Amino acid sequence: MDRRSFLKSSIAGLAGVGLLLEGELLEAASGVGPYGSIKDREPDENGFILPEGFKSKVIAIGGDQVEGTDYQWHLFPSGAGSIPDGSGGWFFISNSEVSNYLTSDETWGGASSIHFDGSGSIIDAHPILAWSHSNAGGCATPWGTWLSCESDLFNQGKVWECDPNGIDLPIELQGVGPRNHGDIAIDKERKCLYMTENHRRGLFYRYVPHQWPNLKDGLLEALKVESDGSIQWIEITNHLDATIPNREKVNEGKLMAGGMGCWYEKDSVYFSTRLDNRVHSINLSSNRYEVIWDGENGRQPLTGIDDLTVDPLTGDVFVAETNGNMELVVITPEGSVEPFCRVSGSQHDFSALTGPCFDPFRKRLYISSQRAEGNRLVRDVIPAINWGVGSYGSRTGITYEISGPFRTVKIPDTSSTIPIDAPTTTLQQDVSVDMTNEATPQSVPERIATTTSTLKLSAEKVEEKNIKDRTDVEDSNSLLVISSFIGVAIFLGAGAAAIKYRSNSLMKSDKTP
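Since the structure is predicted, the reported quantities are computational estimates derived from the model, not experimental observations.

1. Here's the deal with the confidence of the model for the protein chain
Moving on, step 1. Residues with a pLDDT of 70 or more make up 73% of the protein chain, whose mean pLDDT is 80.
Moving on, step 2. In this model residues 1-30 is a low-confidence stretch, pLDDT under 50, and it forms 90 contacts with partners more than four residues away in sequence or in other chains.
Moving on, step 3. A low-confidence stretch, residues 409-513 (pLDDT under 50), is modelled with 277 contacts involving residues beyond four sequence positions or located in other chains.

Printed below as a string of structure tokens:
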């Protein structure tokens, strides 16, 4: 069955964190986490149950204009990050996870940027990536661009490098290879990328560019874990040959079932796997691997694992749940594993918590309820996704900001070499970036391909560029979510279940051969 037919017929270094890496597997602490208990606390007007002293507010609603701008926020917000603008403000970047199996032969995904000033007020909002789909994970680069990953169920997913200002056109990073990408993290010390794979037999990858920080070409390796917890990296030969998935080209790679969130912080990389509900870490200084949370068989308080982020000061790992009781759970270096917050209420039914991240100054934590009830019907924004009318038909997703007394707040250096009107990209690197060799220019499409995306770039910005077309990378089909798709179709017939394609039914279906 070909792609079109299938679619028509049928998702420590940090000192404190070092404590996690030296000891045994963390047991769930029976006490209270660093922010106190949320037990018996009442939800706020947005449905958030938060620790004392914290509050939430809506930043953007899918299908509505971002406050103070004329830009319509994308649907189904997913992986997110923040980038300093060089003037005390920052860009909040969010991916749009409109999966390709929901919109046959259409590209409704992409990524958007909200520009905040130093006080946290919105200056502007705009698209930074269009003609894409299934945009799940992503990360900010040290030179101020955004990497957006496609979680493509046919193993054809790409990674794009994007300008947070939306001026420079996105660049396809063909060198990382096509797959069902989970998430990505960047290690400027070792000049490499780490990537998860959203597949039931996925691997954990390291990508080493030939000419850092140009990410165009490089070496792809898979993680191997020895019985004593030490690690090795196995080179994958011919990794751009798409006739065989890269996970099938090595025999000794460590199986990571359903790789999702990935985050690098000060000599450690953390990542999650959703099919066994685990959180993993690698101490890159000692080359040691650990499982820091094992939630297999529904072990509480952390299950239904998806995305994660790390507090750069304390080493706390914040892990988001996509099902169950919809909590953001914090794993601390001291050994506690406790809910930081929870979302409740019918407006969050069939949703998932996605894209947790701090602003660059650690004053705010952003998170999205990916299919929270919005103000418009999904089908009025994307005609191909008809979830009917009423509450279930308007699950467009909402992005929130959480603020409050995050522990031991310390304001980092706000200086940046990223100019607001001309952010650095791999096409125009700032001289302050450490480069062994001069980066070579990368080519990107001369024009924006015909797309039905809600993230279309303006014609004026397109006319500023004169860049070559790239052809799409074709790859062998992956059956990662065939049964999930069937489940979604059944749920759509019932009028609700397509909304929950990455929740319990998806996790169960992915465990089948």
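2. Examining the side chain of Glu150
Moving on, step 1. If you trace the backbone, Glu150 turns up in strand β8 (residues 146-150).
Moving on, step 2. Lys158 provides the closest opposite charge to the buried, salt-bridge-free Glu150, at an N-O distance of 5.6 Å.
Moving on, step 3. Within the local environment of Glu150, its side chain forms a polar contact with the side chain of Ser132, the two groups lying 2.6 Å apart.
Moving on, step 4. If sequence neighbours within four positions are ignored, Glu150 has contacts with Ser132, His133, Ser134, Asn135, Gln156, Gly157, Lys158, Trp160, Arg179, Asn180 and His181.

3. Digging into the sheet that holds strand β10 (residues 171-172)
Moving on, step 1. Pairing is antiparallel in the open sheet, where four strands are placed in the order β7-β8-β9-β10. Here the strands that pair on one side only, and so sit at the sheet edges, are β7 (135-140) and β10.

4. Side note on the nonpolar core
Moving on, step 1. Counting residues in each nonpolar core, the largest one holds 22 residues, and the members touching the most others are Leu147, Ile184 and Leu193.
Moving on, step 2. For this core, the element with the highest residue contribution is strand β14 (residues 214-225), accounting for three residues.
Moving on, step 3. Contacts of Leu193, omitting those with residues within four sequence positions, involve Leu147, Val176, Ile184, Ala185, Ile186, Tyr205, Arg206, Tyr207 and Leu215.

5. Some remarks on the packing of aromatic side chains
Moving on, step 1. In total, this model carries 23 aromatic pairs according to the counting rule given.
Moving on, step 2. Residues Tyr194 and Phe204 carry aromatic rings whose centres are separated by 6.2 Å and whose planes lie at 5° to one another, so their mutual orientation is stacked. Within this pair, whereas Tyr194 is found in strand β12 (residues 192-197), its partner Phe204 is found in the loop between β12 and β13 (205-211), the two being separated by 10 residues in sequence. Judged on exposure class, the residue Tyr194 and its partner Phe204 are both buried.
Moving on, step 3. Residues Phe318 and Phe340 carry aromatic rings whose centres are separated by 5.5 Å and whose planes lie at 80° to one another, so their mutual orientation is edge-to-face. Placement of the pair is Phe318 in strand β21 (residues 317-321) and Phe340 in strand β23 (residues 337-343), with a sequence separation of 22 residues.
Moving on, step 4. Residue classification places Phe318 among the buried residues on the basis of a relative accessible area of 0%.
Moving on, step 5. Taken together, the ring pairs connect Tyr35, Phe54, Phe318, Phe340, Phe358 and Phe406 into an aromatic cluster.
Moving on, step 6. Across the ring face of Tyr205, the terminal group of Arg179 is positioned such that the distance to the ring centre comes to 4.4 Å.

6. Description of the environment of His133
Moving on, step 1. Within the element layout of this structure, His133 appears in the loop between β6 (122-129) and β7.
Moving on, step 2. Here His133 falls in the buried class, since its relative accessible area comes to 9%.
Moving on, step 3. C-alpha of His133 to C-alpha of Ala111: the two residues are 22 residues apart in sequence and 9.5 Å apart in space.
Moving on, step 4. Those residues in contact with His133 that sit more than four places away from it in its chain are Val98, Asn100, Thr107, Gly109, Glu150 and Asp152.
Moving on, step 5. A distance of 3.5 Å separates the side chain of His133 from the side chain of Asp152, its partner in a polar contact.

7. Here's the deal with the pattern of salt bridges
Moving on, step 1. By the definition in use, this model includes 15 salt bridges.
Moving on, step 2. The partner of Arg362 in a salt bridge is Asp311, and the shortest N-O contact between them spans 2.5 Å. You can see Arg362 sitting in the loop between β24 (353-358) and β25 (364-369) and its partner Asp311 sitting in the loop between β20 (305-310) and β21, a full 51 residues away along the chain. Judged on exposure class, the residue Arg362 and its partner Asp311 are both buried.
Moving on, step 3. Within this structure, Asp187, Arg190 and Asp267 form a network of salt bridges that share partners.

8. A closer look at the sheet that holds β21
Two pairing modes exist for strands in a sheet, parallel and antiparallel, and in both the strands are linked by backbone hydrogen bonds.
Moving on, step 1. Spatially, the five strands line up as an open sheet ordered β1-β23-β22-β21-β20, and their pairing is antiparallel. The sheet is open, and its two edges are formed by β1 (48-49) and β20, each paired on a single side.
Moving on, step 2. Here four bridges tie β20 to β21, and the two strands are oriented antiparallel to one another. In the sheet register, Thr309 faces β21, and the bridge partner there is Phe318.

9. Thoughts on the pairing of β20
Regular strands place side chains that alternate from one sheet face to the opposite one.
Moving on, step 1. Burial analysis of β20 places six of its six residues in the buried class, which makes it a mostly covered element.
Moving on, step 2. The hairpin formed by β20 and β21 contains six residues between the paired strands, and Gly315 there has a positive phi angle of roughly 85°.

10. Regarding unusual backbone geometry
Moving on, step 1. Cis geometry marks the peptide bond from Trp212 to Pro213, where omega comes out at 5°.
Moving on, step 2. Here Pro213 is to be found in the loop between β13 and β14.
Moving on, step 3. In the segment running from Gln300 into Pro301, the intervening peptide bond is cis, with an omega of 10°.
Moving on, step 4. Mapped onto the elements, Pro301 comes out in the loop between β19 (288-294) and β20.
Moving on, step 5. At Ser134, a residue that is not glycine, the phi angle is positive and equals roughly 55°.
Moving on, step 6. In this fold, Ser134 is placed in the loop between β6 and β7.
Moving on, step 7. Of note in the backbone geometry, Arg362 takes a positive phi value of approximately 65° without being a glycine.
Moving on, step 8. Residue classification places Arg362 among the buried positions, given a relative accessible area of 3%.

About the cut-offs
Residues numbered from 1 in each chain as written. Predicted model: local features only at pLDDT ≥ 70, side-chain atom pairs only at ≥ 80, totals over all residues. Heavy atoms only, no water. pLDDT = per-residue confidence, 0-100. Contact = heavy atoms within 4.5 Å. Helix = DSSP H or I, 4+ residues; strand = E, 2+ residues; numbered from the N terminus. Buried < 20%, exposed > 50% of the residue type's maximum accessible area, 1.4 Å probe, protein only. Lys, Arg positive; Asp, Glu negative; His and termini not counted. Salt bridge = Lys/Arg side-chain N within 4 Å of Asp/Glu carboxyl O. Polar contact = N/O pair within 3.5 Å; in protein donor to acceptor, adjacent residues only side chain to side chain. Pairing = 2+ DSSP bridges. Core = buried A, V, L, I, M, F, W, Y, C linked by side-chain atoms within 4.5 Å. Phe/Tyr/Trp six-rings, centres within 6.5 Å; stacked < 30°, edge-to-face > 60°. Lys NZ or Arg CZ within 6 Å of the ring centre and 35° of its normal.

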